[in-house]
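Each chain, written out:
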Amino acid sequence: MPRLLSLILLLQAFACGVAHAAGQHLQLVVTRPYLEMRTGPGRGYPVFYVVARGEKLTVLYSRTDWFKVRAPRGEEGWTYRDELAQTTLPSGAPAPVPGYPDFATHRWEIGAGYGVYNRQNLVTAYGDFGLTRSLDAELVLQQAFGTLDNRYLATIGLRHTLIPEWRRFSPTLGIGTGYQYTQGKVPPKPLETNNQLAYVSVGARGFITRRFMWRFDWRSYVVFTRQNSNEEPEEWKFDLAVFF
Amino acid sequence: MEIRLGGVLLAAVALSGCAWFHRGDHRPTPLGAGDGAGASTADQTIIEPQVTRRVVKTPKIKASDFELGAYFGALSIQDFGTNPVYGARLAYHVTEDVFMEGYLARSRAGTTSLQDVFPNITVLSNSGKQFTYYDLDLGYNILPGEVFLGRGRAFNTALYTTVGMGDVKFAGTDRFALNFGVGTRILITDWVAMHMDVRDHVFETDLTGRTKNVHNIEATLGVTVFY
């Protein structure tokens with residue numbers, strides 16, 4: 001019996017969740033002569049239905065540049081961003097269809113790429129948050145593959161974009177700090193495995209299309225050791241990223 | 001009896017329960033509505049209508065550009081036989097054509113052909129047999145389309161290629177590896193997809209005595225969920 005009761009409560013919660021979720025979709029009115037609905041979220045999928053002017057449609061969710069919509073009589077299909085942007089809210093205000101983020105003022109970046117660190121192959125993944133138009137904070141995770149050792153690097157830094165309005169090619173300067181973990185591959189073991197490091201960087205970034213961008217970075221590191229001299233490796237890398 | 005009682009309880013609570021969440025929805029009747037007598041008494045104090053501006057919240061459109069799932073299949077580790085592989089994948093669809101993807105998977109090497117002839121030779125330690133990899137890939141949907149099941153059912157599909165790089169940990173050491181793949185995504189619903197992939201992980205190794213590039217081809221079947 002307790003099991004049955006708990007099942008009832010679970011179903012109850014689920015039923016109410018569904019009921020509430022159904023009421024929270026955006027409703028838009030078609031103002032152009034018609035709006036096309038396709039069978040899939042892509043330019044090649046066939047148009048199977050059109051919503052007439054003045055009719056209301058419900059926007060269920062989006063995938064890339066396509067929006068899943070429901071027609072007044074229940075038919076569901078996909079419509080393109082530009083076409084949906086030409087509808088209005090029931091109040092007559094323009095439809096709140098999100099456009100592409102502006103490259104110069106975007107907030108978030110996520111990217112990955114290839115590079116060379118200390119003459120070793122390097123795999124990079126990074127996340128970047130725009131503090132202002134020209135100043136970003138970034139977190140970079142990297143793995144370098146050497147013949148004698150593998151290195152894992154985690155760095156946080158600040159990056160200054162000199163002229164954020166330049167879209168295709170805009171130089172950047174950076175500074176930051178982090179940690180390096182060294183894992184020996186062949187004997188003898190590395191003298192130190194955990195080291196703090198600092199870097200300065202020179203690079204560039206540029207807009208490709210829609211939400212895509214590229215980044216190039218050259219970094220000069222100082223790895224702080226307990227030996228007589230610090231290590232001073234160099235690195236370059238090329239990343240592809242998406243911005244939000 | 002208990003089942004019948006349970007059924008009644010289930011129906012009663014499920015039907016009634018939603019009303020509880022709407023308990024605040026009763027709007028009070030406006031003051032003076034339908035009160036014709038009140039209007040005629042002009043000397044009464046005029047009641048200032050207290051109208052608060054209704055804040056209309058426009059619902060946001062939920063994006064479902066991420067794809068998360070698991071896969072299982074066979075990985076042919078060069079010189080070490082074909083073995084089961086299982087892994088997880090996370091993808092972000094940037095446009096209808098391009099996506100970025102990350103994989104994490106594991107397999108375990110078998111024995112070399114040499115060990116079939118000389119069973120007493122040890123090539124890999126027990127922990128060295130672990131084959132673990134991660135990849136960061138860029139994917140492109142080359143052939144999007146539909147497949148048909150009978151007369152009344154169509155599923156959206158895409159044939160895609162991926163290229164990327166990552167780490168293969170095998171025989172106790174990490175190696176830089178490139179990977180190239182071809183796959184098919186069949187969307188069972190708009191939320192659930194089935195994947196069939198063939199991918200080659202290429203890296204340089206000297207495990208068998210001379211340095212060479214090895215090709216480790218895997219064929220996998222996976223399920224993903226868009227969210």
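The structure displayed is predicted, hence computed values, not measured ones.

K.L.:
So what's going on with the overall build of chain B? Which residues, and what values?
P.N.:
The secondary structure content of chain B amounts to 3 helices and 9 strands. Going through the 227 residues of chain B one by one, you find that 37% of them count as buried. Counting contacts in chain B only where the partners sit at least 6 residues apart, residues at least 24 apart contribute 56% of the total. Accessible surface for chain B amounts to roughly 14100 Å². Of this, 62% is attributable to carbon and sulfur atoms.

K.L.:
Can you explain the sheet that holds strand β12 (residues 194–209) of chain A? Please cite residues and give values.
P.N.:
Residue and element names in this part refer to chain A. Strand order in the closed barrel made by the 8 strands is β7-β8-β9-β10-β11-β12-β13-β14, with antiparallel pairing throughout. Shown here is a sheet whose adjacent strand axes are inclined to one another by a mean of 25 degrees, direction ignored. The pairing of strand β13 (residues 212–223) with strand β14 (residues 234–243) spans 9 bridges and is classified as antiparallel. By the bridge assignment for β14, M213 is matched with A241.

K.L.:
So what about the pairing of strand β3 (residues 82–93) of chain B? Which residues, and what values?
P.N.:
Residues and elements named next belong to chain B. Bridge analysis of strand β2 (residues 66–76) against β3 gives 11 bridges, and the strand direction is antiparallel. Within β3, the residue paired with L75 across the bridge is N83. Between the antiparallel neighbours β2 and β3 lie 5 residues, among them D79 with a positive phi of about 75 degrees. As consecutive antiparallel partners, β3 and strand β4 (residues 98–108) are separated by 4 residues.

K.L.:
Describe a nonpolar patch on the surface, with residues and values.
P.N.:
All names here are of chain B. Together, F66, L68, L90, I188, W191, V192, M194, M196, L221, V223, V225 and Y227 make up a nonpolar patch on the protein surface, roughly 980 Å² of accessible area in all. Elements with a minimum of two residues in the nonpolar patch: β2, β8 (192–205) and β9 (212–226). Topologically, Y227 is positioned in the segment after β9. A relative accessible area of 41% places Y227 in the partly exposed class.

K.L.:
Before we move on, could you go through the pairing of strand β5 (residues 130–149) of chain B and cite the residues and values that matter?
P.N.:
All names here are of chain B. Here β4 pairs with β5 via 11 bridges, running antiparallel. Bridging across to β5, V98 finds its partner in Y140. As judged from the 17 bridges shared by β5 and strand β6 (residues 153–170), these two strands associate in the antiparallel manner. For Y133, the partnering residue across the bridge sits in β6 and is V168. What sits between β5 and β6 in their antiparallel hairpin is a turn of 3 residues, with G150 showing a positive phi close to 70 degrees.

K.L.:
Tell me about the confidence of the model for chain A, residues and numbers included.
P.N.:
Averaged over every residue, the pLDDT of chain A is 88; residues scoring 70 or more account for 91%. Of all helices and strands in chain A, the one with the weakest mean pLDDT is helix α1 (residues 2–22) of chain A (49), whereas strand β9 (residues 135–145) of chain A scores best (96).

K.L.:
Explain the domain arrangement of chain A to me, using residue names and the numbers behind them.
P.N.:
Often the size quoted for an interface is simply the accessible area lost on bringing the parts together. Per the domain assignment, the segments making up chain A are domain 1 (19–99) and domain 2 (108–243). Distance between the C-alpha centres of domain 1 of chain A and domain 2 of chain A: 42 Å.

K.L.:
Can you break down the nonpolar core residue by residue, with the values?
P.N.:
Membership of the largest hydrophobic core comes to 17 residues, with the highest contact counts inside it found for A:L28, A:V51, A:L57, A:V59, A:F67, A:V69 and A:L84. When residues of this core are traced back to their parent elements, those giving at least two are β1 (26–29), β2 (34–38), β3 (47–52), β4 (56–63) and β5 (66–70) of chain A. What A:L57 contacts, discounting residues up to four positions off in sequence, is A:L26, A:Q27, A:L28, A:V30, A:L35, A:V51, A:V69, A:R70 and A:L84. Membership of the second largest hydrophobic core comes to 16 residues, among which are B:I77, B:A105, B:V168 and B:F203.

What counts as what
Residues numbered from 1 in each chain as written. Chains lettered and ligands numbered in written order. Predicted model: local features only at pLDDT ≥ 70, side-chain atom pairs only at ≥ 80, totals over all residues. Heavy atoms only, no water. Helix = DSSP H or I, 4+ residues; strand = E, 2+ residues; numbered from the N terminus. Buried < 20%, exposed > 50% of the residue type's maximum accessible area, 1.4 Å probe, protein only. Contact = heavy atoms within 4.5 Å. Areas by Shrake-Rupley, 256 points an atom, 1.4 Å probe, with all protein chains shown as cover. Pairing = 2+ DSSP bridges. Axes fitted to C-alpha atoms, helices over the stretch in contact; angles between N-to-C directions. Patch = residues over 30% accessible without salt bridge, like charges linked within 9 Å, V, L, I, M, F, W, Y side chains within 5 Å. Salt bridge = Lys/Arg side-chain N within 4 Å of Asp/Glu carboxyl O. pLDDT = per-residue confidence, 0-100. Domains from an automatic or database assignment. Core = buried A, V, L, I, M, F, W, Y, C linked by side-chain atoms within 4.5 Å.

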